[in-house]
Amino acid sequence: MNVLTPLGRGMAAASPVLYAAGWWLGYPEPAAFAVAGLVAVLAAVLWTLPRPRLEVRREITPAKVGRGEPATGVLHVTSAGRGVRGLTARDAAGSADVAVDVPRLRAGATRTVSYALPTDRRGRIAVGPLRLVRADPLRLARRVREYGAPGSLLVRPRTVVLPPLPSGRAHHLEGPTSDRSPAGTATFHALREYVVGDELRHVHWKSSARTGTLMVRQLVDASLPTTTVVLEARPDRWADPDDFELAVDAAASVAAGAAAAGFPVRVLTGNGPVAETRGGPGDVEEILDRLTGVAVRECPQPTMDVVRRVRAGGALVAVTPGDAELGRIAAVRGRFDRVVVLRVRPPGPVPAPPGVRVADVAALDDLPETWRRLGAVR
């Protein structure tokens, strides 16, 4: 591909015209220049014809990294024909090109070349194929050949270790009774004497007959508290792309911390659910993979309207820009046991609404200390 460069095409087009003009006017010099130009173009094409016979096998280690963490591309290059002198090739890595120096190879020999991959932005980065560019000294012709199958590198959000956020209530088998427990989460705890106001459907008749006293079953809410992480992703709220990247990292850290402790987690944006896990092995990987594809995009509705439709209870963590809509967040305060707002690089402090804890995040490495000062872990 790309046999003649723009300069080569221009010379190939101008040479016949120059030759015709010299012949018509009777001047030999323009004709000689024209012939020299055509010879130069032909020589440039012949220069780019040799095709090194290479076999390229690619590895990417690791296949998944956090944003900013090191990743390496490894190429195993084999000369499938005659020996190959040292070459400089280009390997595509997303929108960037990485220079790869291929060492001199004897016939049938294999050499391994490694190089660093860019990981400064989240996303699935296509890596490869390896492109070998051969051009003549005058840059009249250029031929690009591709070797090896492409691979991919998943650059996920960078995270810091955060303990799970308690919901403000004791949940689990020894937790308090609850009439609002989701179906299937209420479990038997103990028997106690009937008091006025108890529901008759909870009366344990066999025990009542045996003891002569009306006994009722005491139930507890055996459900684990859910951590709901809502990420503001509307484009008009984020002027700086780096601020949004920090917001995604903060949301991923909160969600991964809760999931690693075995608690249910849901992650939302204004476009709806991003991830929802029940707690268990592999939850952290699933959450980070899902957050890799989150981008700033138009949302059909305000972000807090999405939160109003999720099941109540547990903790709500809202990750927002500095000018957080605290009034909208406070309006859903009654649906959750605890509400925390993480403001990314705010212009200044603001008073927190009643029942809402507000913390400012200027850098991801500062988040664990901010989380501790917030009193989120008790």
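This structure is a prediction, so every number in the text was calculated from the model and none was measured.

## Let's talk about the sheet that holds strand E6 (residues 110-116)
Item 1. Read across the open sheet, the 3 strands follow the order E1-E3-E6; overall the sheet is antiparallel. This sheet does not close on itself; its edge strands, each paired only once, are strand E1 (54-61) and E6. Averaged over all pairs of adjacent strands, the angle between strand axes in this sheet comes to 20 degrees, irrespective of strand direction.
Item 2. Looking at chain direction, strand E3 (residues 72-79) and E6 are connected through 7 bridges and run antiparallel. The residue of E6 that forms the bridge with Thr 78 is Thr 110.

## What about the packing of helix H1 (residues 6-25) against helix H2 (residues 28-47)?
Item 1. The interhelical angle for the contact between H1 and H2, taken along N-to-C directions, is 155 degrees, at an axis separation of 8 Å. Compared by their axis directions, H1 and H2 come out roughly antiparallel. Two packed elements cross with a definite hand, and for H1 against H2 that hand is left-handed. Seen from H1, the contacting residues are Gly 8, Met 11, Ala 12, Ser 15, Pro 16, Leu 18, Tyr 19 and Gly 22; seen from H2, they are Pro 30, Ala 31, Phe 33, Ala 34, Val 35, Gly 37, Leu 38, Ala 40 and Val 41.
Item 2. Of the residues belonging to the contact of H1 with H2, the class tally is 13 nonpolar, 4 polar and no charged.

## Considerations on the sheet that holds strand E12 (residues 227-231)
Item 1. Spatially, E14-E13-E12-E15-E16-E17 is the arrangement adopted by the 6 strands of the open sheet, whose pairing is mixed. Strands with a single pairing partner mark the edges of an open sheet, and in this sheet they are strand E14 (272-277) and strand E17 (356-361). For this sheet, the mean angle separating the axes of adjacent strands, direction not counted, is 15 degrees.
Item 2. One ladder, built from 7 bridges, connects strand E15 (residues 315-321) with strand E16 (residues 338-344); its direction is parallel. From the neighbouring strand, Leu 316 faces E16, where its bridge partner is Val 339.

## Overview of the confidence of the model for the chain
Item 1. Per-residue pLDDT for the chain has a mean of 84; in total, 90% of the residues score no lower than 70.
Item 2. In this model residues 168-185 is a low-confidence stretch, pLDDT under 50, and it forms 36 contacts with partners more than four residues away in sequence or in other chains.

## Focus: the pattern of salt bridges
Item 1. Taken as a whole and assessed by the stated rule, the structure comprises 24 salt bridges.
Item 2. Ionic pairing is found between Arg 58 and Asp 91, a salt bridge with its closest N-O pair at 2.6 Å. Of the two residues, Arg 58 is situated in strand E1 and Asp 91 in strand E4 (residues 87-93); the sequence distance between them amounts to 33 residues.
Item 3. Each of Glu 232, Arg 234, Arg 237, Asp 323, Glu 325 and Arg 328 takes part in salt bridges that share partners, so that together they form one network.

## As for the side chain of Ser 253
Item 1. Position of Ser 253 relative to the elements: it lies in helix H4 (residues 241-260).
Item 2. Each residue touching Ser 253, except ones within four places of it in the same chain, is listed here: Arg 158, Thr 159, Val 160, Leu 162, Leu 364 and Leu 367.

## Focus on the side chain of Asp 198
Item 1. Mapped onto the elements, Asp 198 comes out in the loop between strand E10 (186-193) and helix H3 (205-211).
Item 2. Take Asp 198: its relative accessible area is 18%, and that puts it in the buried class.
Item 3. Polar side-chain contacts of Asp 198 include one of 2.8 Å to the side chain of Arg 192.
Item 4. Engagement of the side chain of Asp 198 in a polar contact is seen with the backbone nitrogen of Val 195, the distance being 3.1 Å.
Item 5. Beyond its immediate stretch of four places on either side in the chain, Asp 198 contacts Arg 192, Glu 193 and Val 216.

## Some remarks on the nonpolar core
Item 1. Residues Leu 231, Val 319, Leu 342 and Leu 367 are the most contacted members of the largest nonpolar core, which totals 36 residues.
Item 2. Residue contributions to this core peak at 11 residues, all from H4.
Item 3. Excluding anything up to four places from it in sequence, Leu 231 contacts Phe 244, Ala 247, Val 248, Ala 251, Leu 268, Thr 269, Gly 270, Val 294, Thr 303 and Val 319.
Item 4. In this structure, Leu 87, Ala 89, Val 113 and Leu 130 belong to the second largest nonpolar core, which totals 25 residues.

## Thoughts on the pairing of strand E13 (residues 265-269)
Item 1. Taken across its 5 residues, E13 has 5 buried, putting it largely inside the fold.
Item 2. Every second residue of E13 is oriented toward a common face, with Val 265, Val 267 and Thr 269 on one face and Arg 266 and Leu 268 on the other, all of them buried.
Item 3. In terms of handedness, the path from E12 via H4 over to E13 forms a crossover that is right-handed.
Item 4. Bridging between E13 and E14 involves 5 bridges; their strand directions are antiparallel. Across the sheet, Arg 266 pairs through a bridge with Glu 276, a residue of E14.

## Remarks on a nonpolar patch on the surface
Item 1. Taken together, the side chains of Tyr 19, Trp 23, Trp 24, Leu 25, Tyr 27, Val 35 and Val 39 define a hydrophobic patch exposed on the protein surface, amounting to about 900 Å² of accessible area.
Item 2. Within the residue set of the nonpolar patch, elements represented by two or more residues are H1 and H2.
Item 3. In terms of residue count, H1 provides more of the nonpolar patch than any other element does, 4 residues in total.
Item 4. In this fold, Val 35 is placed in helix H2.

The rules behind the values
- Residues numbered from 1 in each chain as written.
- Predicted model: local features only at pLDDT ≥ 70, side-chain atom pairs only at ≥ 80, totals over all residues.
- Heavy atoms only, no water.
- Pairing = 2+ DSSP bridges.
- Helix = DSSP H or I, 4+ residues; strand = E, 2+ residues; numbered from the N terminus.
- Axes fitted to C-alpha atoms, helices over the stretch in contact; angles between N-to-C directions.
- Parallel < 35°, antiparallel > 145°, perpendicular 65-115°, else oblique.
- Left-handed = near helix turned anticlockwise from the far one by under 90°.
- Contact = heavy atoms within 4.5 Å.
- Nonpolar A, V, L, I, M, F, W, Y, C, P; charged D, E, K, R; others polar.
- pLDDT = per-residue confidence, 0-100.
- Salt bridge = Lys/Arg side-chain N within 4 Å of Asp/Glu carboxyl O.
- Buried < 20%, exposed > 50% of the residue type's maximum accessible area, 1.4 Å probe, protein only.
- Polar contact = N/O pair within 3.5 Å; in protein donor to acceptor, adjacent residues only side chain to side chain.
- Core = buried A, V, L, I, M, F, W, Y, C linked by side-chain atoms within 4.5 Å.
- Right-handed = clockwise from strand over helix to strand, strands pointing away.
- Patch = residues over 30% accessible without salt bridge, like charges linked within 9 Å, V, L, I, M, F, W, Y side chains within 5 Å.
- Areas by Shrake-Rupley, 256 points an atom, 1.4 Å probe, with all protein chains shown as cover.

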